[in-house]
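Residue strings, one per chain:
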Amino acid sequence: MTGTARRAMRLGVNIDHVATLRQARGTDYPNVLQAAYVAADAGADLITVHLREDRRHIQDRDVVLLRETLPIPLNLEMALTAEMVDIALSVKPDWCCLVPEKREELTTEGGLDVTSQQAQIKAVCKQLQAEGIKVSLFVDADEAQLRASQACGANAVELHTGQYGDAKKHDQHGGTAEAQELERIAQAAQLAQELGLGVHAGHGLHYHNVQAITEIDVIQELNIGHAIVARAVFTGLDQAVREMKRLMQRA
């Protein structure tokens, strides 16, 4: 899975849960913009936020301020709705990642079903790209979804690594399930590259499982949030981001 001449893998730091802490008390702190700047100074290559329909953490104003002031690219995760498309067209983040969204879920539970919504997704990709916004689709490591993503004209896919992240704690066979999930992701990443898609990955990645993913050399970018913010409770955000970058660079 390793290559001889590879580019450094980008780290997108998702700061949603900084906003979760703020919204829990309805205060103006911790400051989302400050968190983004700390992450950027510590080596984040881009900042990722998910503006959910229920606004449970990130708020509209957060997205506007981040876009206006960030020194690094902004990746906006969003549902496939007219409201979110309008917001994206107004704010013009560097990237939009289209994700599935259910109000009752704690976090995104699976990849976007591109195959059943191909016409709609293709139209949204064209709308966003016409304004200079690159589009990634958050999908499972599945051949049909990858081929549909290419047909929609997406710039990239973000492979859902949640099943890999969960495999170890549920594995009763000495790591077999985790290894199988890792191989499935590696094969999907290779196919995505062959289809001309950028290859990103994220969900369920943390300090104890990220290195195996970084060894898949066709993956260009990882988006990680919960693990970094959780580590930051004990070490501070600067050190939490720096440690994740170190783990990625060791590969």
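The coordinates are above.
First things first, this report covers the structure right here in the doc. (Residues numbered from 1 in each chain as written. Predicted model: local features only at pLDDT ≥ 70, side-chain atom pairs only at ≥ 80, totals over all residues. Heavy atoms only, no water.)

**Thoughts on the overall build of the protein chain**
As a reminder, the rule being used: Helical segments are the DSSP runs of H or I of at least four residues, strand segments are the runs of E of at least two, and each set is numbered from the N terminus. For this measure, only C-alpha atoms enter the radius of gyration; the expected value for a globule follows 2.2 Å times N^0.38, where N is the number of residues. Categorising residues by exposure relies on relative accessible area from a 1.4 Å probe, with only protein chains included: less than 20% of the type maximum marks a residue as buried, more than 50% marks it as exposed, and the intermediate range marks it as partly exposed. Residues are treated as being in contact if the distance between any of their heavy atoms lies within 4.5 Å. Only the protein chains shown count as cover for residues, with accessible areas throughout obtained via the Shrake-Rupley method and a probe of 1.4 Å. For the purpose of charge, His is not counted, nor are the chain termini; Lys and Arg are scored as positive and Asp and Glu as negative. Think of each charge as sitting on NZ of Lys, CZ of Arg, CG of Asp or CD of Glu.
When helices and strands are counted, the protein chain shows eleven helices and eight strands. Taking 18 Å as the expected radius of gyration for a compact globule of 251 residues, we find that the protein chain reaches 17 Å, a close match to that expectation. Counting only residues that meet the buried cut, the protein chain has 50% of its 251 residues in that class. By sequence separation, contacts in the protein chain at least 24 residues apart represent 69% of the contacts at least 6 residues apart. Put simply, the protein chain shows about 11700 Å² of open surface, and 48% of that area lies on carbon and sulfur atoms. For the protein chain, the separation between the mean place of its 25 positive charges and that of its 34 negative charges on side chains is 4 Å.

**Re the packing of helix H2 (residues 32-41) against helix H3 (residues 60-69)**
Selection criterion: Between the N-to-C directions of two axes lies an angle of 0 to 180 degrees, each axis being a line fitted to C-alpha atoms and, for a helix, fitted only over the stretch in contact. Any angle that is under 35 degrees is reported as roughly parallel, and any over 145 degrees as roughly antiparallel; angles of 65 to 115 degrees are reported as roughly perpendicular and all others as oblique. For any helix crossing, the convention is left-handed if the near helix is rotated counterclockwise from the far helix by under a right angle, and right-handed if that rotation is clockwise. In this classification, Asp, Glu, Lys and Arg are treated as charged, Ala, Val, Leu, Ile, Met, Phe, Trp, Tyr, Cys and Pro as nonpolar, and every other residue, Gly included, as polar.
At a closest axis distance of 10 Å, the pairing of H2 and H3 adopts a crossing angle of 40°. Of the possible angle classes, the one that applies to H2 and H3 is oblique. With respect to the hand of their crossing, H2 and H3 are arranged in right-handed fashion. In contact with Val32, Leu33, Ala36 and Tyr37 of H2, H3 contributes Asp62, Leu65, Leu66 and Thr69. A class-by-class count of the residues in the contact of H2 with H3 yields six nonpolar, one polar and one charged.

**Digging into the sheet that holds strand S4 (residues 95-98)**
Where we set the bar: Pairs of strands are assigned from DSSP output, requiring at least two bridges between the strands.
Pairing within the closed barrel is parallel, and its eight strands lie in the order S1-S2-S3-S4-S5-S6-S7-S8. Strand after strand, the sheet turns through a mean of 25° between neighbouring axes, direction not considered. Where strand S1 (residues 10-14) meets strand S2 (residues 46-50), three bridges bridge the pair, whose relative direction is parallel. Bridge pairing in S2 links Asn14 to Thr48. Sheet strands touched by helix H8 (residues 176-194): strand S6 (156-160) and strand S7 (198-202). Its angle to S6, the strand with the most contacts, is close to 175°.

**Examining the layout of surface pockets**
The criterion, for reference: Put simply, the grid is 1 Å and covers the protein atoms alone, a cavity is a trapped set of points that fit a 1.4 Å probe, a pocket is an open set with protein on both sides within 12 Å along at least five of seven lines, and lining residues have an atom within 4 Å of a point. Grid points are joined across faces, edges and corners, and a volume is the space filled by probe spheres set on the points.
Roughly 240 Å³ of internal volume is contained in the second largest pocket. Considering the residues around the second largest pocket, the lining is formed by Val18, Leu21, Pro30, Asn31, Gln34, Ala35, Val38, Val229, Ala232, Val233 and Leu237. At the level of elements, helix H1 (16-25), H2 and helix H10 (226-235) are the ones that each hand at least two residues to the lining of the second largest pocket.

**What to know about helix H11 (residues 237-250)**
Each full turn of the α-helix corresponds to 3.6 residues, which orients residues three or four apart in the same direction. Heads up, the rule is: By this rule, a helix spans an expected 1.5 Å times one less than how many residues it contains.
For H11, with 14 residues, the first-to-last C-alpha span of 20 Å sits near the 20 Å given by 1.5 Å per residue. Every buried residue belonging to H11 is among Leu237, Ala240, Val241, Glu243, Met244, Lys245, Leu247 and Met248, and all of these are buried. Contacts made by the buried residues of H11 are with S1, H2, helix H9 (210-214), strand S8 (221-224) and H10.

**What to know about the nonpolar core**
The condition that has to hold: Buried Ala, Val, Leu, Ile, Met, Phe, Trp, Tyr and Cys residues that are joined via side-chain atoms within 4.5 Å together make up what is termed a nonpolar core.
Residues Ile47, Leu159, Ile219 and Leu222 are the most contacted members of the largest nonpolar core, which totals 80 residues. The element contributing the most residues to this core is H8, with seven residues. When neighbours within four sequence positions are excluded, Leu222 is seen to be in contact with Met9, Arg10, Leu11, Gly12, Ala201, Leu205, Val210, Ile213, Thr214 and Met248.

**Quick look at the packing of H10 against H11**
Running from N to C, H10 and H11 point in directions that differ by 125°, and their axes come no closer than 7 Å. Relative to H11, H10 is oriented oblique. Crossing of H10 against H11: the hand is right-handed. In this structure, H10 uses Ile228, Arg231, Ala232 and Thr235 to contact H11, whose residues at the interface are Leu237, Gln239, Ala240, Val241, Glu243 and Met244. Split by residue class, the contact of H10 with H11 holds six nonpolar, two polar and two charged.

**So, the environment of Asn14**
Spelled out, the test is: Any pair of nitrogen or oxygen atoms within 3.5 Å is treated as a polar contact; in protein, a donor-acceptor pairing is required on top of that, and neighbouring residues in sequence qualify only through side-chain atoms on both sides.
Relative to the helices and strands, Asn14 resides in strand S1. Note: C-alpha distance between Asn14 and Ala44 (30 residues apart in sequence) is 9.7 Å. Asn14 has contacts with Thr48, Glu77, Ile224, Gly225 and Val229, leaving out every residue within four places of it along the chain. At a separation of 2.8 Å, a polar atom in the side chain of Asn14 contacts the main-chain amide nitrogen of Asp16.

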